[in-house]
Amino acid sequence: VPESADPIKIPINEWTGQHVSATIAGEILKGMGYNVEYVTAGTIPQFAAIAQGDLHLQPEVWTNNVGAIYPKAIASGDLVVMGQLGLKPQEGWIYPPYMEEKCLGLPDYRALYDCAQAFSSADTFPKGRLITYPADWGTRSKDVVAAIGVPFEAVAGGSEGAMIAELKSAYASKDPMLMMFWQPHWLFADLDFNWVEWAPVDGECVEESQSKDNACGFQQASIDKIVWKGFKAKWPTAYRFFDLYKLNNDIQNKMMLEIDNKGRDLQEVVAEWIANNKSTWQPWVDAAMM
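Before going into details, it helps to say that this report is about the structure given with it.

Rules and cut-offs
Residues numbered from 1 in each chain as written. Predicted model: local features only at pLDDT ≥ 70, side-chain atom pairs only at ≥ 80, totals over all residues. Heavy atoms only, no water. Helix = DSSP H or I, 4+ residues; strand = E, 2+ residues; numbered from the N terminus. Contact = heavy atoms within 4.5 Å. Pairing = 2+ DSSP bridges. Right-handed = clockwise from strand over helix to strand, strands pointing away. Axes fitted to C-alpha atoms, helices over the stretch in contact; angles between N-to-C directions. Phe/Tyr/Trp six-rings, centres within 6.5 Å; stacked < 30°, edge-to-face > 60°. Buried < 20%, exposed > 50% of the residue type's maximum accessible area, 1.4 Å probe, protein only. Lys NZ or Arg CZ within 6 Å of the ring centre and 35° of its normal.

Things to note about the environment of V61
By secondary structure assignment, the location of V61 is in strand 3 (residues 57-62). With sequence-adjacent residues up to four places away left out, V61 is seen in contact with F47, V66, Y70, S222, I223, D224 and I226.

Written out as structure tokens, the structure is:
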């Protein structure tokens, strides 16, 4: 180890949780002797790059926000799924609790049809304003709005940081707010938000085929770890480590709180976690080196 001096290239996506999961994996691999590079890459474009071997290892793929290329690349064998990271995710529309006074019937999604104006802005009136994921994360909220005919205008957020800033600003002034969001995230340890509740569904929610009378909202994700198809042959010990690598919501939320809310440096927070949690990650390394 390392079996090759070539760099293991790890994509860095648009949200802090992924930065944490990617950097912990990368820094432990560096400690094992590997050459690691972090490469900024969009959520959807990264899959083609991994399939082509230009990127190599991704620990945090939310399977319900991957576009068409991901399942095709898995089916063709160009991407290899190495199980789940261990996070327990939730995605959907959130709002501050004070909006329930302005939109009676919440958290039931059906209330949004009658009180869209309570969520409107000057740009969207009389429709409500819904902040969605950044454009390069896909169009899921926009598709759901169209499928169920709820009178809202879907407006793409500029970035995770911009979305959080808008949430906090609205919360402070009690302005209207409805936003597509996710957990785990440090935000829920800092402020109180409620989730829009959808109709129950047997099995998975098929977002494109739901209707006003029976809207299930969003298919909930699993969070996959994936590698380039040639990864195991080129870096077999790193492959064995990555197979064992796990994170949970508690670990990630606490680290994100330090980075995003307290303004600490990502590398510093990751280094601190690695230094204080050797009993967690050293067994992964030891098993991989056997």
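Concerning the pairing of strand 7 (residues 152-156)
Residues in a regular strand point their side chains to alternate faces of the sheet. By the bridge criterion, five bridges tie strand 6 (residues 128-132) to strand 7 in an arrangement that is parallel. The residue of strand 7 that forms the bridge with G128 is F152. As for the winding sense of the linkage, the β-α-β connection from strand 6 through helix 6 (residues 140-148) to strand 7 is right-handed.

Focus: the sheet that holds strand 3
In any sheet, the strands associate via hydrogen bonds between backbone groups, in a parallel or an antiparallel arrangement. Reading across the sheet, the three strands line up as 3-10-4 and stay open at both edges, with antiparallel pairing between neighbours. The two strands at the open ends of the sheet, each matched to only one other strand, are strand 3 and strand 4 (79-84). Taking the axes of each pair of neighbouring strands and ignoring which way they run, one obtains an average angle of 35° across the sheet. Pairing between strand 3 and strand 10 (residues 223-228): four bridges, direction antiparallel. The partner of Q58 across the bridge, within strand 10, is I226.

Remarks on the packing of aromatic side chains
If you walk through the whole model with that rule in mind, you get 21 aromatic pairs. For the ring pair Y109 and W198, a centre distance of 5.3 Å and an interplane angle of 20° mean the geometry is stacked. In this pair, Y109 sits in the loop between helix 4 (99-102) and helix 5 (111-114) while W198 sits in the loop between strand 9 (194-195) and strand 10, placing the two residues 89 residues apart along the sequence. Residue Y109 shares its accessibility class with W198, and that shared class is buried. Look at F241 and Y245: their rings are 5.8 Å apart centre to centre, the planes differ by 35°, and that puts the pair in the tilted class. Each member of the pair F241 and Y245 is classed as buried. Of the aromatic side chains, those joined through ring pairs into one cluster are W15, Y133, W137, F181, W182, F188 and W195. For the cation-ring pair, K212 lies above Y113, with the distance from its terminal atom to the ring centre recorded as 4.7 Å.

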